[in-house]
Amino acid sequence: MKKEKLPKSRFRGSLLSRYLIIIVIALLFIPVVFPASLVGYQFVQSIIVGNISPEPEAKNDPYTTMRLEDMWHREAKRLKGNTPEQIDARIGELHAAYSKVDMFWVDAKSRVRQPGTSKLKLPQTWEAADAVAYMKRYREATQQFSVIAFIGDDQKLKQGFMVMQVSRSELRTGGYEMSARTTMIFFGIILLMFLLFIAVSWMFFVNMRRRLLRLQSAMTVQDGSNLPDPILIKKTDEIGQLEHAFNGMVVRLGSSQRREREEEELRKRLIANLSHDLRTPLTVIRSHVYSLQKEQLSDKGRQLLKLTETKLGDLSGLIDNLLSYNLLTSGKYTLEPERCDVLRIVRESAAAWYPLWEKEGFEADIDLPEEPLFWIIDPQWFRRILDNLFQNAVRHARSGQYIGLHARALPGGQTAILVSDKGQGMEASSGDKGAGIGLAIVGFLAREMGLVMDVGSSSQGTDILIYQAAGSEPGLKLTNKV
Amino acid sequence: MGIHLLYIEDDAEIGAWVNEDLGGRGYEVTWLQNGERAVEQAAGCRLVILDVMLPGLDGFTVGQRLKKAYPDLPILMLSARTSIDDKLEGLQFADDYLTKPFHPDELAARIEVLLRRSGSYSTEPLVLKHLLVYERENRIVNNDNGEEILLTGKQFQIFTYLLRHLGQILTKEQIYEGVWGDPYLDGDKTLMVHIRYLREKLERDPANPEIIETVRGVGYRVKA
């Protein structure tokens, strides 16, 4: 398939650009979202949550890792140069102040000393191996928070070191650690941002969809004949351009429909006028022939007049058929099919033709079943077919003096209508070719109604079978019987 | 004094000929060459013969105006326009549609049918073989013995319907629907039964009917 070149459209104000803006904003937002969430958190915390339910004494709580560590190192520094007894006393005081914290210290001789209130079970001496074991046990264990400080800030362990440890459950997260509520608010804000992005995208597509649906409903015209109304264009984006193109199409369609109607009108009028102009002189000629017939004439003269009259009739029929064929094939007749009893139509048509057959000395052999036969046909068109067939029989099968109307059961279980005459057949059609256009009309009408006209002709006569084309090709079928 | 007809035809030759022919058949004809004064001229007429292609007002417009002014006045369209559309348009208000070229006998026959249908019967009885039919008085007399024939309501309606379409063949559906006013149901024998009784009263020999003729495979006809 060849790729169609799409029309160029302005980028600004297009759907594409608007969607790109949404995407770019979303991408730019990701690095902004987290700090913004923090700011948002602070805001929420201080303004809303802080006022309603303040976090329990976060500022003054000594049980925060930062403060404890700070305090321990400060104390260790201050104990520089103190005697072991003084150190014992100070740690005892501290333990009294921080009751939840276990404390002990190891002097320069690696002896473990702890205040009497301590519940810790510790070895008497504290060698390097013990320190490692302690590290393993407590430092790596997350449940315990411990701090080791060298007394007097002396790395060479002249005075030993002091250790404190506390269960983490006793501690409050503060400073760089956040409480569960803070996390919730933080992620809540991020979630909100993403929801906002989804909502904006959603709105974008919902809006687009609504406009497309509007266009679709505008294109679907309920009543067959009318054109869709033009759409009011609100935006200049791709859909706006589509609407614009649609409006243009509606206008063009309207003008072409109008032109077609005018053409149809013109054609109909032309043909009506033509018919009138041809028939008026014919009528005049006929009137003269009629007047002549009343004069005193020789047998030869009367015979000639009779012939003239017959030919006048043929000519009139020919004009009729020619003009009808023109109108029919240009689709200027509307087919209005309905379910009707064809046998009834055949009978009524035969009733109208019967006097003429009688006058021409035809034997009318009509035997149609009583039960109705329903076909989906346009009764006007079907009458027209019958009229043409009967007319042909009168004109071209005069020698047979016979017209037959019967119902025939077909092998497929269908019922066909058989119109037969005993003329010389189509080939020898009494010298005039008038049958041609008449049959063309009949064939056209039959095809349009989905009927088959099976015409079998021989020198003994013509049989025309009319039946519904169930599966087979509708229209006229000509076969020459031997 | 013949029956008064209004004839509107613009073609001088055709108009003169029809005028003369109808005059010869005992009708009194007013011939107009356009439809301008048709409505006023139609007063006192029993039937209008109307051409379609007229200068000025066209035949369809004239016909509609006439029908509006005189709803019961029968109108026969006589036109050189033969398309189905024209016929259908014409028959929306007209009672009959005859196309040119036509035979004067056919025109006369159709005029007669229309007059009969519209109830413009003459005082002279209609003679059908041995029957004298006084249509005005709804009386049928057997001319053989001078006795009046009495028909039942339905028999009379059927006979009148056939008489109104004198010379025309009517299918059983047409008669049934014309008389009963209901759609014909398949296999309904009511009409056949009525016609049998009707023949027993009217015909000299009901086995070989002469008045109500059976057209085999088509329907029934009463010929003048």
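For the structure itself, look to the data block above.
Structural notes, computed from the coordinates.

Calculation rules
Residues numbered from 1 in each chain as written. Chains lettered and ligands numbered in written order. Predicted model: local features only at pLDDT ≥ 70, side-chain atom pairs only at ≥ 80, totals over all residues. Heavy atoms only, no water. Helix = DSSP H or I, 4+ residues; strand = E, 2+ residues; numbered from the N terminus. Buried < 20%, exposed > 50% of the residue type's maximum accessible area, 1.4 Å probe, protein only. Contact = heavy atoms within 4.5 Å. Areas by Shrake-Rupley, 256 points an atom, 1.4 Å probe, with all protein chains shown as cover. 1 Å grid on protein atoms, 1.4 Å probe; cavity = no way out; pocket = protein on both sides within 12 Å on 5 of 7 lines; lining within 4 Å. Points joined across faces, edges and corners; volume = space filled by probe spheres on them. Pairing = 2+ DSSP bridges. Buried area = accessible area lost by both parts, 1.4 Å probe. Salt bridge = Lys/Arg side-chain N within 4 Å of Asp/Glu carboxyl O. Polar contact = N/O pair within 3.5 Å; in protein donor to acceptor, adjacent residues only side chain to side chain.

**Considering the overall build of chain A**
1) Next: Helix and strand counts for chain A stand at ten helices and twelve strands.
2) Next: Taken across its 482 residues, chain A has 39% of its residues classed as buried.
3) Next: Sequence-distant contacts in chain A: of pairs separated by 6 or more residues, those separated by 24 or more amount to 66%.
4) Next: Just so you have it, chain A exposes about 29000 Å², and 59% of that area is on carbon and sulfur atoms.

**Some remarks on empty space enclosed by the protein**
1) Next: One pass over the structure, following the stated rule, counts four cavities of 30 Å³ or more.
2) Next: When its volume is computed, the second largest cavity comes out at roughly 50 Å³.
3) Next: Around the second largest cavity sit Asp341, Arg347, Glu370 and Pro372 of chain A together with Lys172, Glu173, Tyr184, Asp186 and Gly187 of chain B, which together line it.

**Regarding the pairing of strand E8 (residues 139–142) of chain B**
Successive residues of a regular strand alternate their side chains across the two faces of the sheet.
All names here are of chain B.
1) Next: Pairing between strand E7 (residues 131–134) and E8: four bridges, direction antiparallel. Considered in E8, the bridge of Leu131 is made with Asn142.
2) Next: Where E7 folds back onto E8 in an antiparallel hairpin, the turn is made up of four residues, including Asn138, whose phi is positive at roughly 55°.
3) Next: Strand direction decides the pairing type here: E8 and strand E9 (residues 148–149), joined by two bridges, are antiparallel. Its bridge partner lying in E9, Ile140 is registered against Ile149.
4) Next: Taking the residues that link successive antiparallel strands as the turn, the E8-E9 hairpin has five residues, and the phi of Gly146 there is positive, at about 75°.

**Concerning the interface of chain B and chain A**
1) Next: Of the residues lining the interface, 35 residues belong to chain B; the matching set on chain A comes to 35 residues.
2) Next: At the boundary of chain B with chain A, total buried surface from both sides reaches about 3300 Å², with 55% on carbon and sulfur atoms.
3) Next: Of all residues in chain B, Trp17, Ile84 and Pro101 of chain B bury the most surface against chain A, accounting for 18% of the area lost on that side.
4) Next: On inspection of chain B and its partner chain A, the count reaches six salt bridges.
5) Next: Where Lys172 of chain B meets Glu370 of chain A, a salt bridge forms, and the shortest distance between an N and an O atom there is 3.3 Å.
6) Next: There are eleven residue pairs in polar contact (both at pLDDT 80 or more) connecting chain B and chain A.
7) Next: Elements that contribute at least two residues to the side of chain B that touches chain A include exactly helix H1 (12–24), helix H4 (84–91), helix H5 (104–117), helix H7 (172–180) and strand E11 (212–215) of chain B.

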